[in-house]
Amino acid sequence: MPASLARALLVAAACAASLLPSPGGAASDHLTIGSERGSMDFFIGDSLIFRTTGGFKSWEGTIKVDELDITKSSVEVVVHTSSIEMLDKQQTMMLREPEFFDVEKFPEMTYRSTAIERLNADTLKVEGEITLRGITRPMTLEAKMIDRILDAAPGKRTATFRAEGSLKRSEFGMIKYIDLVGDKVDIAIHTDAWR
Amino acid sequence: MRGAEGYTPAAKVLHWTSALLVLGLLAVGLWMTGLPLSRLKFVVYACHKWIGLVVLVLAILRLIWRRHSPPPALPTTVTPWERRLAPVGHWALLLLVLAQPISGWLMSSAGGVAVVWFGILPLPDMVPRNQQLFAVLREMHHLLAFALMAVITLHIAAVVRHDVLRHDGILRRMWL
Ligand code: HEM
Ligand code: HEM
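Rules used throughout
- Residues numbered from 1 in each chain as written.
- Chains lettered and ligands numbered in written order.
- Predicted model: local features only at pLDDT ≥ 70, side-chain atom pairs only at ≥ 80, totals over all residues.
- Heavy atoms only, no water.
- Helix = DSSP H or I, 4+ residues; strand = E, 2+ residues; numbered from the N terminus.
- Buried < 20%, exposed > 50% of the residue type's maximum accessible area, 1.4 Å probe, protein only.
- Core = buried A, V, L, I, M, F, W, Y, C linked by side-chain atoms within 4.5 Å.
- Contact = heavy atoms within 4.5 Å.
- Near = heavy atom within 4 Å.
- Polar contact = N/O pair within 3.5 Å; in protein donor to acceptor, adjacent residues only side chain to side chain.
- Nonpolar A, V, L, I, M, F, W, Y, C, P; charged D, E, K, R; others polar.
- Buried area = accessible area lost by both parts, 1.4 Å probe.
- Salt bridge = Lys/Arg side-chain N within 4 Å of Asp/Glu carboxyl O.
- Pairing = 2+ DSSP bridges.
- Phe/Tyr/Trp six-rings, centres within 6.5 Å; stacked < 30°, edge-to-face > 60°.
- Lys NZ or Arg CZ within 6 Å of the ring centre and 35° of its normal.

Trainee: Is there a simple way to explain the side chain of Thr110(A) in this structure?
Mentor: Considering the arrangement of structural elements, one finds Thr110(A) in strand β7 (residues 108-120). Assessed through its relative accessible area of 14%, Thr110(A) is described here as buried.

Dropping the structure here:
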C-alpha cells in the first residue's frame, strides 16, 4: 500500500472517532467562522399572519476544538447588530430602532457556549448564553457538520456546519408587534470553518 | 336563457366578485405601499395577499367555467372590429388577473415572506429569498397593476359605449 494512502486512512480513522477534522491528529485546534464565509438567518412569525425572514450580514466567531474530549470544546460568536437586514428597507430600519435591536446602544450580540455534548456522529448539542440588548439568557444550538476536509491548509475550509436554535424575543424586551408577528424566532447559521 | 341571451349565473357571480375584489386590491395596493411601518401596514399587507390569492382562485375557476360553458355569442349590432377586439380584451383581463396575484406571490416569496392564507394555511414559497429577484418581481407586480388598470379602463369604457351610447344591452348580458 502506498505510504500516502496509508497515512490518509490513518488520519481518516482518527478523525472518524471525533467530530472535527484535525491537522494530522493535533489534540486541539482553533477554527474561525463568520459572515465572510457563512450566513446567519432568522425566521419569525410561524403560523401567524405570515412568516418572515432576515439575516445578519456581519458576524464572526471562533471554535476551540478539543479532539480528545469534545465536551471541552467551546464556541464564541459576536454579531454586529447594525448588520441586520430584511429585504424590505422599512423593516430593516425598524429593527435597528430602540424598540428592537437598539443598535446604537447595543452594537453587539454575543453567544458563548457553556457546555457541548455529542448527540451522534456528526451532531453536537451546544448549550450557551446569548447576550442581546444587555440581557443574557440561555440558548441551545444544534450543530450539524455537513462536510469536512481532512488536512486542509491554514485559511482553507476545513468543515461546513449548520447550526439551529431558537429564542423568544420577549425575553430580551422586544415585544413590539408580538401579537401580530409572533414571539419565537428561529435562527439558522450556515458557515464554513477555517483555521 | 343561455346562448345569445347572456352569461350563465356562475359566470356572472365570478365576474362581479372578482371585479369588486380587483378594484379594491388595486386601490388598497396603491395606498398601502406609502404607509409608514405600523400595525395597520402589517394587517393591510396580509389582507392584500390573502384576498389577492382569492382572486387567483376565482380566475382559475373562471377559466375552467369558460371551457365548460363558453361566453354567449355577441349580438348582431356589434360591428366586426368590435367583434374581433372583445375577446382579445377579455383574454387580456383574464391573463392579467391570473398574472397579477402570481407575481405577488412570487414577490412575497423572493422577499422572504411566506404567506399564511387567512392565518390558517401556510403556503409554500414559490422561489427562494433573493434580493435581485425580489426587486424584479416588485417592479413586475407594479407594472402589471398599471397594465390591469389600463385594460379595465378600456373595458369599462367599452361597456359604457355600448350601453349608454348605443343601448345594445351588452351590460345586461353580464348584469345580475
Ligand atoms: C389581483 C390581485 C392583485 C392586485 C390587483 C394587486 C395590486 C397591487 C397594487 C396596485 C400594488 C401597488 C403597487 C405599487 O405601488 O408599486 C400592490 C402591491 C403589493 N402587492 Fe399586490 N395585488 C394583487 C395580488 C397580490 C398577491 C396575491 C400578493 C402576495 C401574495 C401581493 C403582494 C403585494 C405586495 C407585497 C405589494 C407591496 C409591494 C411593495 O411594498 O412595494 N399582491 N398590489
Ligand atoms: C366595474 C366595472 C365593470 C363592468 C361594468 C363590467 C362589465 C362587463 C360586461 C358587461 C361584460 C360582458 C361583455 C360581453 O357581453 O361579452 C364583461 C365581461 C368581462 N369582464 Fe367585466 N366589467 C367590469 C369590471 C371588470 C374587471 C375589474 C375585470 C377584471 C378583473 C373584468 C373582466 C371581465 C372579463 C374577463 C369578461 C369576459 C367574461 C368572460 O368571458 O368570462 N371586468 N364585463
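There's plenty left to go through after this.
Trainee: What is the right way to look at the nonpolar core in this model?
Mentor: Most often, soluble globular proteins keep nonpolar side chains buried together rather than apart. Ranked by internal contacts, the top residues of the largest apolar core, which has 70 residues, are Phe56(A) and Phe101(A). Residue contributions to this core peak at seven residues, all from helix α2 (residues 39-68) of chain B. Dropping the residues within four chain positions of it, Phe101(A) is found in contact with Phe56(A), Thr81(A), Ile84(A), Leu95(A), Phe106(A), Met109(A), Leu132(A), Arg133(A) and Met174(A). If you look at the next biggest cluster of nonpolar residues, it comprises six residues, including Leu87(A), Met107(B), Val127(B) and Phe134(B).

Trainee: Help me understand the site of ligand 2 in this model?
Mentor: All names here are of chain B. Around ligand 2 lies a shell of 22 residues, among which Tyr-7, His-15, Arg-66, His-155 and Arg-173 are the nearest. Between ligand 2 and His-15, the relevant distance is 2.7 Å, taken from a nitrogen atom to a side-chain nitrogen or oxygen of the residue. In this structure, Arg-66 approaches ligand 2 through a side-chain N or O atom, which is 2.7 Å from an oxygen atom. Contributing elements (two or more residues each) for the shell around ligand 2: α1 (9-32), α2, α3 (80-110), α4 (131-165) and α5 (170-174). Broken down by element, the shell around ligand 2 gets its largest block of residues, five residues, from α1. For the shell around ligand 2, the class distribution of residues is 16 nonpolar, three polar and three charged.

Trainee: Looking at this structure, I do not really get the interface of chain A and chain B. What am I missing?
Mentor: In many analyses, interface size is given as the accessible surface area lost on bringing the parts together. Contacts between the two partners involve 20 residues from chain A and, on the opposite side, 22 residues from chain B. Both sides together, the interface formed by chain A and chain B hides about 1800 Å², and carbon and sulfur atoms give 56% of it. Linking chain A with chain B are three salt bridges. Two residues, Asp41(A) and Arg129(B), come together in a salt bridge whose shortest N-O distance is 2.8 Å. For the pair chain A and chain B, the number of links is seven residue pairs in polar contact (both at pLDDT 80 or more). Listed by contribution, the elements that provide at least two residues to the side of chain A that touches chain B are β3 (50-56), α2 (89-96) and α3 (178-181) of chain A. The greatest single-element share of the side of chain A that touches chain B, amounting to six residues, is contributed by β3(A). Broken down by class, the residue content of the side of chain A that touches chain B amounts to eight nonpolar, seven polar and five charged. Direction of pairing for β3(A) relative to strand β1 (residues 113-117) of chain B: antiparallel, over a ladder of three bridges.

Trainee: Just to check I follow, could you spell out the packing of aromatic side chains for this structure?
Mentor: We describe a pair of aromatic rings using the distance from one ring centre to the other and the angle between the two ring planes. On inspection of all chains with the given rule, the structure shows seven aromatic pairs over all chains. Ring plane angle 40° and centroid distance 5.4 Å describe the contact between Trp50(B) and Phe118(B), whose orientation is recorded as tilted. Here Phe118(B) lies in the loop between β1 and β2 (121-122) and Trp50(B) lies in helix α2, a separation of 68 residues in the sequence. On the accessibility criterion, Trp50(B) (12% relative accessible area) is buried. Ring-pair connections join several aromatic residues into one group, and the members of that group are Phe42(A), Phe56(A) and Phe101(A). Cation over ring: Arg37(A) sits above Trp194(A), and NZ or CZ is 4.0 Å from the ring centre. Taking the ring centre of Trp91(B) as reference, the NZ or CZ of Arg66(B) above it sits at 5.0 Å.

It is worth stressing that arrangement in space is one thing and function is another; only the former is reported here.
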